[in-house]
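Structure assessment
Next come the chains, spelled out residue by residue.
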Amino acid sequence: MDQHSAPFCPLRAIQISRIMRPDDANIAGSVHGGTILKMIEEAGFIISTRHCNSQGEEHSMAALARVERTDFLSPMCIGEVAHVSAEITYTAKHSVEVQVQVIAENILTGDKRITNRASLWYVPLSIRNVDKVLEVPPIEYTDTEQEENGRKRYEAQKLERLATKQKNGDVILPMISLEPHTVNFSQSSLIHLVGPSDCTLHGFVHGGVTMKLMDEVAGIVAARHCKTNVVTASVDAINFHRKIQKGFVITVSGRMTFTSNKSMEIEVFVDADPIVEDTRERFRAVSAYFTYVSLDEKGKPLSIPELKTETEDEKKRFEEGKMRYLQTKAKRQSEKLALTQQ
Amino acid sequence: MDQHSAPFCPLRAIQISRIMRPDDANIAGSVHGGTILKMIEEAGFIISTRHCNSQGEEHSMAALARVERTDFLSPMCIGEVAHVSAEITYTAKHSVEVQVQVIAENILTGDKRITNRASLWYVPLSIRNVDKVLEVPPIEYTDTEQEENGRKRYEAQKLERLATKQKNGDVILPMISLEPHTVNFSQSSLIHLVGPSDCTLHGFVHGGVTMKLMDEVAGIVAARHCKTNVVTASVDAINFHRKIQKGFVITVSGRMTFTSNKSMEIEVFVDADPIVEDTRERFRAVSAYFTYVSLDEKGKPLSIPELKTETEDEKKRFEEGKMRYLQTKAKRQSEKLALTQQ
Amino acid sequence: MDQHSAPFCPLRAIQISRIMRPDDANIAGSVHGGTILKMIEEAGFIISTRHCNSQGEEHSMAALARVERTDFLSPMCIGEVAHVSAEITYTAKHSVEVQVQVIAENILTGDKRITNRASLWYVPLSIRNVDKVLEVPPIEYTDTEQEENGRKRYEAQKLERLATKQKNGDVILPMISLEPHTVNFSQSSLIHLVGPSDCTLHGFVHGGVTMKLMDEVAGIVAARHCKTNVVTASVDAINFHRKIQKGFVITVSGRMTFTSNKSMEIEVFVDADPIVEDTRERFRAVSAYFTYVSLDEKGKPLSIPELKTETEDEKKRFEEGKMRYLQTKAKRQSEKLALTQQ
């Protein structure tokens, strides 16, 4: 970072500080690089949005266009304070360069050390029309060398951006199966690294945390199938046979098993993987059926496209789902009858 | 829920309330079923842990064993207050039944409605030895019918639990590839539904949020490969070509490309899927290389098991990774040299 | 809190409970005062918004106007359950007083203790026009003394609010001094971009979110000064004069003003900056005094290094802090005396 510039010039510099919490770190207490990257980008977003709005009439938000290579020189620990200082170091017609320095401070010992530096490029997009790139107010440089060096960095990154755009910027990905409404089309899974806030004091995952992730996957499967607003209608009984511990990676997978006129049934599995313990094997922790419905803007249920089953297994699961659906329907009607007869 | 019991009976009842926030809901403003399930389980955990520790000398934590089928009668909205009331309704020798009722309150109109009921079973595990199940202090019943109905529910769930345990409780899952240190063995991906807190005021994902998820996947790949404590060492330049919007589902996938003696290179892809917009296609939003190292308890770098490449593509990517590694190393050494010569 | 009122009186009382998680606490496991302040304000917001909408046709949201001085009697720990009970205790034409009591419950041992009490004032703002203050439906009092005492509290806070409104305007410039125990050495600031989950449905920051950030900065200042484990002991009255909106950047700065043998007083400022709106200027939103103590591993208060004042302003603030300290001490002793004489 340029040592000439005053650190607290109102428009060109900013500092963000935060204590590192248990959820920011891995089990060994080292803060995730991703936590730092997120803080760096927040500082960059604030300073470049502020700068781009300092002149001119049309309001804009700065969109991140590129982050230069970053080295993490030393890990940060829980309880330390991360100080992220960001400064605008170059402006082109439509781009802003922000340079960031991160310092870890141990507030008990007073030790401070640089953990990393980063360089980010932002582009101001009009708030009214996000496809319109606005102009960036120019900054003043202390000398021509400073400006010249900035221009060189700008030209270099421009070339590299262009190269990657040609390489993979416009990749359109085929879905696993191109056929909509099949089981493969909507099936989804997520991975979650179990952190301290997910657990009881003794390091076991709260059942509620698991159920929340299961519902999240089921909701994604349902939305992918019907492409409309979906809500949870019911959850079948869930049994928890084995405990999941802090530090495990859990994989939550969902696949659609059955559709009626107005509802979808999604089977969800939770698999636990004690990644850092060589001796223990991955195991199935939980499984359950979630039923989703789709609602229009007035809250009225919408029709659901029928699930297209392809394999024998899918057809079998569809029939089993239909059985559960009919049983529930029958049970609910007999309960209603019982209520009206009371 | 039993109307006889006093609402503030110290041991047997609790109420948890919270305002529903944007992050608790989907884009249409309906609160995720998973948010409600998590609150229900928090109430159940508190009340059953409290009850199980109310007598006896050995402390225990209540572990969730089963949730009965739950129907969501009506969706909750952002800004409404969720009231979760839980009550202990039956105790067996080693199990506690908790019944929960959830009410949505609109604090502007005063409207209240029941959104769902749930029934949970907990088992007290000793804190000193989590494999030891402790005894549950019995509750008193208002009449023998209440006790008798509880016993019936207890017996019914016991049978069902046993059935599912035999069905899928002990499934051990094979890894995709059984061979450790291959690319397939460690590759991982996660799905994230973009929520309001991930976005700028105008509904576009902050670049920092994307980078945090990328680092999370890279860290899981690295830990799966070397089974030891890992930290981010560096991130290569990342280019952001296309904007990701609120409500999109993003898939973040990572695979190991190269290992040196003390470092691992992981390639990470981010794909964006505008699930509810039929007309727009899934696209590759970002990709980048993360370098990870593994540290022992004193922060000293550990040796990394060599990556076993199997296919031609994997071998090619390994060679490319080696080139990047050697280039970075050379660049760093020339920088060091320049510094010492100054 | 008034013992006469029924606990489930639908309009006038509410209870919020939650397990304290690792992220709620410092490294020593003591829950941050800011976490508690945020829960207190959530309870206050729910109950006063509910009450203000119980009559009349125009909907309103209750905006926090003032929090009276709060003492933290005992720190809460991770794993304990915080119960926050709030009750409406007085209504003026345009103001609601909410009294709150916080209880920490150890669900393993069954221990319960009061950790603090608080008194908050809210003002109902029309949802259609946030600059319009609506009228508050009156509550009924059990006797005239109760009403009379409420009126006295109302008049007293009104005077104080008016006084602070005229005062605001000091700015803290971050500067790092190498000399330990000076004001410059420990002063700190953090920046926060206001996101959707920080706000009410109508886009204004919850007062509790602001207080949590204030406590975080005060805690960093305190730890930097004494280099040992610190906890919030009390918070002086806080007045909220201007609303902060979604998308604003807030800067929270803290500096130490006074030390006694066993306590530190930290002054905290909150400045709001509407970064994307050129026409609106940055403004001082809130300021307050936090008192911190330092505890050893057994919870015994430690001696605090004396604050070294350097400038005339610092010496003046130190003397003012000493006055506040002696007044509070005298007030507490006269209250104790009054209790023993009853």
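The rules behind these values
- Residues numbered from 1 in each chain as written.
- Chains lettered and ligands numbered in written order.
- Predicted model: local features only at pLDDT ≥ 70, side-chain atom pairs only at ≥ 80, totals over all residues.
- Contact = placed C-beta atoms within 7 Å.
- Helix = DSSP H or I, 4+ residues; strand = E, 2+ residues; numbered from the N terminus.
- Nonpolar A, V, L, I, M, F, W, Y, C, P; charged D, E, K, R; others polar.
- Buried ≥ 20, exposed ≤ 12 C-beta atoms within 10 Å, placed from the backbone.
- Pairing = 2+ DSSP bridges.
- Least-squares fit on C-alpha atoms with pLDDT ≥ 70 in both.
- Expected span 1.5 Å × (residues − 1).
- Domains from an automatic or database assignment.
- Axes fitted to C-alpha atoms, helices over the stretch in contact; angles between N-to-C directions.

1. Quick word on the interface of chain B and chain A
- Chain B puts 82 residues into the contact, and the matching count from chain A is 82 residues.
- With 11 residues, helix H4 (residues 207-226) of chain B is the largest single contributor of residues to the side of chain B that touches chain A.
- For the side of chain B that touches chain A, a count of residues per class yields 35 nonpolar, 25 polar and 22 charged.

2. A look at the pairing of strand E5 (residues 96-105) of chain A
Residue and element names in this part refer to chain A.
- In terms of residue burial, E5 counts as a mostly covered element, since seven of its 10 residues are buried.
- Where strand E4 (residues 81-91) and E5 come together, 10 bridges link them in antiparallel fashion. Each residue of the ladder has a partner; that of glutamate 87, found in E5, is glutamine 99.
- What sits between the antiparallel neighbours E4 and E5 is a turn of four residues.
- When E5 meets strand E6 (residues 112-126), the two strands line up antiparallel, connected through 10 bridges. Pairing of valine 102 across the sheet is with asparagine 116, part of E6.
- If you look at the hairpin formed by E5 and E6, you'll find six residues sitting between the two strands, and glycine 110 has a positive phi there, around 85°.

3. Let's talk about the environment of arginine 282 of chain B
All names here are of chain B.
- Of note, arginine 282 is situated in the loop between strand E11 (264-273) and strand E12 (283-294).
- For arginine 282, a count of 19 C-beta atoms within 10 Å corresponds to the partly exposed category.
- Through-space distance from the C-alpha of arginine 282 to that of alanine 272 is 5.6 Å; in sequence the pair is 10 residues apart.

4. Regarding the relation of the copies chain B and chain A
- Superposing chain B onto chain A requires a rotation of 180° together with a translation of 0.0 Å along the rotation axis, leaving an RMSD of 0.2 Å. The symmetry that links the two subunits is that of a two-fold axis. Judged by C-alpha distance, leucine 190 of chain B is the residue of chain B that lies nearest the rotation axis, at 2.1 Å.
- Same-surface contact between copies: 100% of interface residues of chain B are shared with the interface of chain A.

5. Structural notes on the interface of chain A and chain C
- With 24 residues of chain A in contact, the opposing surface of chain C contributes 22 residues.
- Every element with two or more residues in the side of chain A that touches chain C is listed here: strand E1 (13-19) and helix H1 (33-52) of chain A.
- In terms of residue count, the dominant contributor to the side of chain A that touches chain C is E1 of chain A (six residues).
- Looking at the side of chain A that touches chain C residue by residue, the class counts come to 12 nonpolar, seven polar and five charged.

6. What to know about the environment of arginine 153 of chain C
Residues and elements named next belong to chain C.
- Topologically, arginine 153 is positioned in helix H2 (residues 144-167).
- Separated by 40 residues in the primary sequence, arginine 153 and leucine 193 place their C-alpha atoms 35 Å from one another.
- Apart from residues no more than four positions distant in its own chain, arginine 153 is found in contact with Tyr90 and Glu97.

7. A look at helix H5 (residues 312-341) of chain B
Residues and elements named next belong to chain B.
- Here H5 contains 30 residues, and its C-alpha end-to-end distance of 44 Å stays within 8% of the 44 Å for a straight helix at 1.5 Å per residue.
- For H5, the buried fraction is low: three of the 30 residues fall into the buried class.
- Along H5, the residues classified as buried are Arg317, Phe318 and Gly321.
- For H5, the secondary structure elements touched by its buried residues are strand E10 (249-259) and E11.

8. Describing the sheet that holds strand E6 (residues 112-126) of chain B
- Reading across from one edge, E9(A)-E2(B)-E6(B)-E5(B)-E4(B)-E1(B) is the order of the six strands in this open sheet, with antiparallel pairing throughout. The strands lining the two open edges of the sheet, one partner per strand, are strand E9 (238-239) of chain A together with strand E1 (13-19) of chain B.

9. A word on H4 of chain B
Residues and elements named next belong to chain B.
- Between the first and last C-alpha of H4 there are 29 Å, a value that for 20 residues agrees with the 28 Å anticipated at 1.5 Å per step.
- Of all 20 residues in H4, 20 are buried; the element is thus mostly enclosed.
- Of the residues one or two after H4, lysine 227 is the one with positive phi, at around 60°.

10. Some remarks on the domain arrangement of chain A
- Looking at chain A, the domain boundaries give domain 1 (13-169) and domain 2 (183-317).
- Summarising the inter-unit geometry, the C-alpha centres of domain 1 of chain A and domain 2 of chain A are found 37 Å apart.

11. Overview of the sheet that holds strand E3 (residues 70-71) of chain B
- Taken in spatial order, the six strands line up as E7(A)-E10(A)-E11(A)-E12(A)-E8(A)-E3(B) in an open sheet, and their pairing is antiparallel. The strands lining the two open edges of the sheet, one partner per strand, are strand E7 (188-193) of chain A together with E3 of chain B.
- Examined bridge by bridge, E7 of chain A and strand E10 (residues 249-259) of chain A share six bridges and lie antiparallel to one another. When the bridges of E10 of chain A are listed, isoleucine 191 of chain A appears paired with threonine 251 of chain A.
- Along the sheet face, helix H5 (residues 312-341) of chain A touches E10, strand E11 (264-273) and strand E12 (283-294) of chain A and points at about 75° away from the line of E10 of chain A.

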